[in-house]
Structure formats: structure tokens, C-alpha cells
Amino acid sequence: MLTFIGLGLYDERSITVEGRDALQAADRVYAEFYTSKLIGTTVDDLEAAHDIEIEVRDRAGVEQEPDDMLAAAETEDIAFLTAGDTMISTTHVDLRLRAHDRGIETRVIHGVTAQTATSSLTGLQNYRFGKATTLPFPYAHGADGLPASVTETIDDNQDDGLHTVVYLDIKAEREEYMTADVGAELIAEEYPDLAGVVVARAGSPDPLVEAGTMAELADREFGDPLHLLVVPGECHLLEADALVELADADRESLRIA
């Protein structure tokens, strides 16, 4: 059996009870933290809290060289851990399909995701979100200005009245995390007056939700990572009320349906 377990958003306590039980019952435990990371804990703390040993794999060890994990799962119960909800990344879907090709049974134990937490913290309705996008560090994509993947996603969602989640680049191996002020500054080069909402440290004891134009957000600080940005589309009256109350949004900056 290969069991994919989402650890949730913040620390060693963010895992579900079902996930904790499966983790402690596993014969071996692997994890990856290059797609995202639990900012509120360490691998040592995870091991101590759950009385387990974890082998952390890098990208190559998951995507290119997973044969030892899969071979182990043919005869043992293996747990594979990720931050958030384990199947959000296509990396993990690929690993699951490889397991199926070898006749290995799999299951998924979900964790809280940044997307669902963002909807909950902002008051924006989950079904009114369109396609999400990731804003890379400028050096990572090498182009001038915003990548087309970002501008086209924002523009298409705005045309359809939908909200956009903009994930901010993570280079976990370098412990480099784009902050919301940097992301807003990059977006403000093309959309200075576009309304945005910062969500910082979702899942932690001190999450932050703060609204403003991209130009305004670029001049603020939002504390420790992880951060993301939301671009609201057309807001239902209740959504607008929530952004004003929960994120200190200027109602005049919002598009109200």
C-alpha cells in the first residue's frame, strides 16, 4: 500500500486524525517539501510528534527516481507526506499512477489546502474562483515583465467575473519564499490599480488577511511566509461585506455584481 497523506498548512498538528493514524501505522515514511513547506515546524519536530522517521526526498527522488519507494510499497505500508493536500501537485498524481502500473494499491488522506483556507479566511465563495496561477521570481522565468501565464489568467478571470488565486513562488531548497509585497510590486507594473487581497500564514494561529490595490500592497509588510495573493472578480454583496470587514477593503475598489 502507498498512502498519500496531506499534512495541512502549518505545523505538526495540522494533520487530520485519520492522517495521523495512517502515518503511525506505516512501515516507512517518505516526504517531499519542495512543492510547499510547513513553516511552523521542522522535520525533526514532525518525527518527534508522531514517533516516526521520515526520509525527505528531493524533486529528482520523487519525479525521476521513485523506484525504491515503489518497490518498498509492493511489500510494506508506505506513507508519502506533503504539505497541504497531497494531490494538488501533478508530481504526486504521476507517482500514484506509477504505483498503479506496478499493481500497488494506493489511497489518499486529504489535508487542508491553501485554496480552501483562502476562501474561508477572505469570505470569497469557493465556487466563484476561476483558474489559479503561480507568479514566479523574475530570475526563474527570465522574461521581462509578468509572464503571459499570469496576465492571461488574471485577464480571463476578470472578464468572467471570477476570483483569481495567485500563488507566490517557493524555492524551498533555498528557503526562498516570495512575499506578498514583492508579488504585488510585480503585478502592479501592469495592474497598479487592481484590487488585491493578501493571505498570509493560513492555518497558523495568526493568519493575516489584508486588501488594497496592488500598488498599495507593494508598499506594505505582511510578516512571515507563506503568502499568496487573491484578485477578486465580481463580488456578491456578502463577499464585498466580508472583504470590508475581514480584510479592511475599500468597498469602492470592489466590483459588486
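- The chain has the name Diphthine synthase in an unreviewed UniProt entry, where Natrinema versiforme JCM 10478 is given as its organism.
- The annotation that UniProt attaches to the chain under Catalytic activity (unreviewed entry) is "2-[(3S)-amino-3-carboxypropyl]-L-histidyl-[translation elongation factor 2] + 3 S-adenosyl-L-methionine = diphthine-[translation elongation factor 2] + 3 S-adenosyl-L-homocysteine + 3 H(+)".

**A closer look at the sheet that holds strand β12 (residues 227–231)**
- As summarised here, the arrangement of the five strands in space is β6-β7-β12-β10-β11, forming an open sheet in which the pairing is mixed. Each of the sheet's edge strands pairs with one partner strand only, and the pair in question is β6 (133–135) and β11 (208–213). Geometrically, the sheet is characterised by an average inter-axis angle of 25° between neighbouring strands, direction not taken into account.
- Where strand β10 (residues 195–200) meets β12, four bridges bridge the pair, whose relative direction is antiparallel. Opposite A200, over in β12, you have H227 as the bridge partner.

**Side note on the UniProt feature "binding site: S-adenosyl-L-methionine" (unreviewed entry) in the chain**
- Taken from the UniProt record, the annotation "binding site: S-adenosyl-L-methionine" (unreviewed entry) applies to L9, D85, I88, T113, A114, L168, A202 and H227. Lining the largest pocket, from this annotated set, are L9, D85, I88, T113, A114, L168, A202 and H227.
- Within the element layout of this structure, L9 appears in the loop between β1 (2–6) and α1 (17–25).
- Residue L9 is classed as buried on the basis of its relative accessible area, which comes to 18%.
- Each residue touching L9, except ones within four places of it in the same chain, is listed here: S14, L38, G84, V112, T113, A114, A117, A202 and G203.
- Structurally, D85 is set in the loop between β4 (78–82) and α5 (90–101).
- Setting aside chain neighbours within four positions, we find D85 in contact with G6, H110, G111, V112 and T113.

**Thoughts on the domain arrangement of the chain**
- Domain parsing of the chain yields domain 1 (2–109) and domain 2 (114–253).
- Each of domain 1 and domain 2 has a C-alpha centre, and the two are 28 Å apart.
- Across the boundary between the two partners, domain 1 contributes eight residues, which contact 12 residues of domain 2.
- Of the roughly 820 Å² buried where domain 1 meets domain 2, counting both sides, 65% is carbon and sulfur surface.
- The interface formed by domain 1 and domain 2 includes one salt bridge.
- E175 is the salt-bridge partner of K37, the closest N and O atoms lying 3.6 Å from each other.
- The tally of links from domain 1 across to domain 2 stands at zero residue pairs in polar contact (both at pLDDT 80 or more).

**Things to note about the pairing of strand β2 (residues 28–31)**
- With four bridges joining them, β2 and β4 adopt parallel strand pairing. Residue pairing in the sheet places V29 in a bridge with A79 of β4.
- Regarding topology, helix α2 (residues 43–50) serves as the crossover connection from β2 to the parallel strand β3 (residues 55–56), and that connection is right-handed.

**Comments concerning the pairing of strand β7 (residues 164–168)**
- β7 sits mainly inside the fold: four of its five residues count as buried.
- For β6 and β7, the ladder comprises three bridges, and the chain directions are parallel. In the strand pairing of β7, T134 is matched with Y167.
- Examined bridge by bridge, β7 and β12 share four bridges and lie antiparallel to one another. Bridge pairing in β12 links V166 to L229.

**Details of the sheet that holds β4**
- Across the sheet, five strands lie side by side as β3-β2-β4-β1-β5; this open sheet has parallel pairing. For this open sheet the edge positions go to β3 and β5 (106–109), each flanked by a neighbour on one side alone.
- Where β1 and β4 come together, five bridges link them in parallel fashion. Paired with F4 across the two strands is F80, which belongs to β4.
- α1 contacts β1, β2, β4 and β5 of the sheet and is inclined by roughly 135° relative to β5.

**So, the nonpolar core**
- Among the nonpolar cores identified, the biggest contains 24 residues, and L135, I187, V198 and L229 are the most heavily contacted of them.
- Elements represented by at least two residues in this core include exactly α8 (148–159), β7, α9 (180–188), β10, α10 (214–217) and β12.
- It is α9 that provides the largest number of residues to this core, a total of five residues.
- In terms of nonpolar packing, the next biggest core, distinct from the first, is built from 18 residues, V209, L228, V230 and A240 among them.

What counts as what
- Residues numbered from 1 in each chain as written.
- Predicted model: local features only at pLDDT ≥ 70, side-chain atom pairs only at ≥ 80, totals over all residues.
- Heavy atoms only, no water.
- UniProt positions renumbered as here; feature names shortened; annotations may be inferred.
- Pairing = 2+ DSSP bridges.
- Helix = DSSP H or I, 4+ residues; strand = E, 2+ residues; numbered from the N terminus.
- Axes fitted to C-alpha atoms, helices over the stretch in contact; angles between N-to-C directions.
- 1 Å grid on protein atoms, 1.4 Å probe; cavity = no way out; pocket = protein on both sides within 12 Å on 5 of 7 lines; lining within 4 Å.
- Buried < 20%, exposed > 50% of the residue type's maximum accessible area, 1.4 Å probe, protein only.
- Contact = heavy atoms within 4.5 Å.
- Domains from an automatic or database assignment.
- Buried area = accessible area lost by both parts, 1.4 Å probe.
- Salt bridge = Lys/Arg side-chain N within 4 Å of Asp/Glu carboxyl O.
- Polar contact = N/O pair within 3.5 Å; in protein donor to acceptor, adjacent residues only side chain to side chain.
- Right-handed = clockwise from strand over helix to strand, strands pointing away.
- Core = buried A, V, L, I, M, F, W, Y, C linked by side-chain atoms within 4.5 Å.

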